[in-house]
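These are the residues of each chain, in order.
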Amino acid sequence: MSAPTHWIGVAARGHVMVGVAEGFVMFAHGKHSAVRQVQPGDWFAYYSPTQTLGKADAVRRFTAIGQVLDGEPVQMQMGVDDTGWRRSARFLDAQEADIYLLLPQLSFVTNPSHWGMYFRKSLFRVEAGDFALIAEAMGVANQIH
């Protein structure tokens, strides 16, 4: 089995907390192509720019971290005429981590004055070292293998 991939998903904290409570991950507003990228065994951390999608209620923290569980993506009803794709996940009991404390250490942030550009994607891969820094800041480094 190959080494797991490490991912950062970007979502409003309110949406992330629904996934934590129900044990699933969803990326890019439920797009099938996004959730197919992550595979069972992969690790992920969620960065939340805001509390609520479309609102100016800034959070700017890593809000959840965990591992994708076995199984295929499943489509779910999200609204009256809206569906999205998700995968089952195991979330770690982690503390939230302020992005500003991590920015100087993250290797993919090569231009700190424009750090927000790196988090405009809904889902992106990161190196294991960057993921380890995030896990450490969230107090769960000893649970990532």
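Residues numbered from 1 in each chain as written. Predicted model: local features only at pLDDT ≥ 70, side-chain atom pairs only at ≥ 80, totals over all residues. Heavy atoms only, no water.

Novice: If you had to explain the overall build of the protein chain to someone new, which residues and values would you point to?
Specialist: Check the secondary structure of the protein chain and you find four helices and eight strands. Taken from the N to the C terminus, the helices and strands of the protein chain come in the order β-α-β-α-β-β-β-β-β-α-β-α. Taking 2.2 N^0.38 as the reference for a compact globule, 145 residues should give roughly 15 Å; the C-alpha atoms of the protein chain span a radius of gyration of 14 Å, in line with that estimate. Counting the 145 residues in the protein chain, one finds 41% classified as buried. In the protein chain, 70% of the contacts between residues at least 6 apart in sequence involve partners at least 24 apart. Of the roughly 7,900 Å² of accessible surface on the protein chain, 50% is carried by carbon and sulfur atoms. Side-chain charges of the protein chain comprise 12 positive and 13 negative groups, with the mean position of each set lying 5 Å from the other. (Helix = DSSP H or I, 4+ residues; strand = E, 2+ residues; numbered from the N terminus. Rg over C-alpha atoms; globule rule 2.2 N^0.38 Å. Buried < 20%, exposed > 50% of the residue type's maximum accessible area, 1.4 Å probe, protein only. Contact = heavy atoms within 4.5 Å. Areas by Shrake-Rupley, 256 points an atom, 1.4 Å probe, with all protein chains shown as cover. Lys, Arg positive; Asp, Glu negative; His and termini not counted. Charge placed at Lys NZ, Arg CZ, Asp CG, Glu CD.)

Novice: Provide a residue-level description of the environment of E72, including the pertinent values.
Specialist: Residue position: E72 is located in the loop between β4 (58-68) and β5 (74-79). Counting along the chain gives 36 residues from E72 to R36, while the straight-line C-alpha distance between them is 8.3 Å. Discounting residues that sit within four places of it in the chain, E72 has contacts with R36, R86 and R87. A polar side-chain atom of E72 sits 2.9 Å from a polar atom in the side chain of R36. (Polar contact = N/O pair within 3.5 Å; in protein donor to acceptor, adjacent residues only side chain to side chain.)

Novice: Explain the pattern of salt bridges residue by residue, including any values.
Specialist: Tallied over the entire structure, the rule returns four salt bridges. A salt bridge links R13 to E96, with the shortest nitrogen-to-oxygen separation between them at 2.6 Å. With a gap of 83 residues between them, R13 in helix α1 (residues 13-22) and E96 in the loop between β6 (82-91) and β7 (97-98) connect regions that are remote in the sequence. Relative accessible area serves as the criterion here: at 23%, R13 is assigned to the partly exposed category. By relative accessible area, which is 26% here, E96 ends up partly exposed. With a shortest N-O distance of 4.0 Å, R61 and E96 are connected by a salt bridge. Residue R61 is located in strand β4, and its partner E96 is located in the loop between β6 and β7; the two are separated by 35 residues in the primary sequence. (Salt bridge = Lys/Arg side-chain N within 4 Å of Asp/Glu carboxyl O.)

Novice: With reference to specific residues and values, describe helix α4 (residues 128-137).
Specialist: Residues of α4 that are buried include every one of D130, F131, I134 and A135, and no others. The arc that holds every buried residue of α4, seen down its axis, measures 140 degrees, which confines them to one face. Buried residues along α4 sit in contact with β1 (6-10), β3 (43-50), β4, α3 (99-102) and β8 (123-126). Two residues or fewer after α4 comes G139, characterised by a positive phi angle close to 80 degrees. (Arc of directions from axis to C-beta.)

These values are about where atoms sit, not about what they do.
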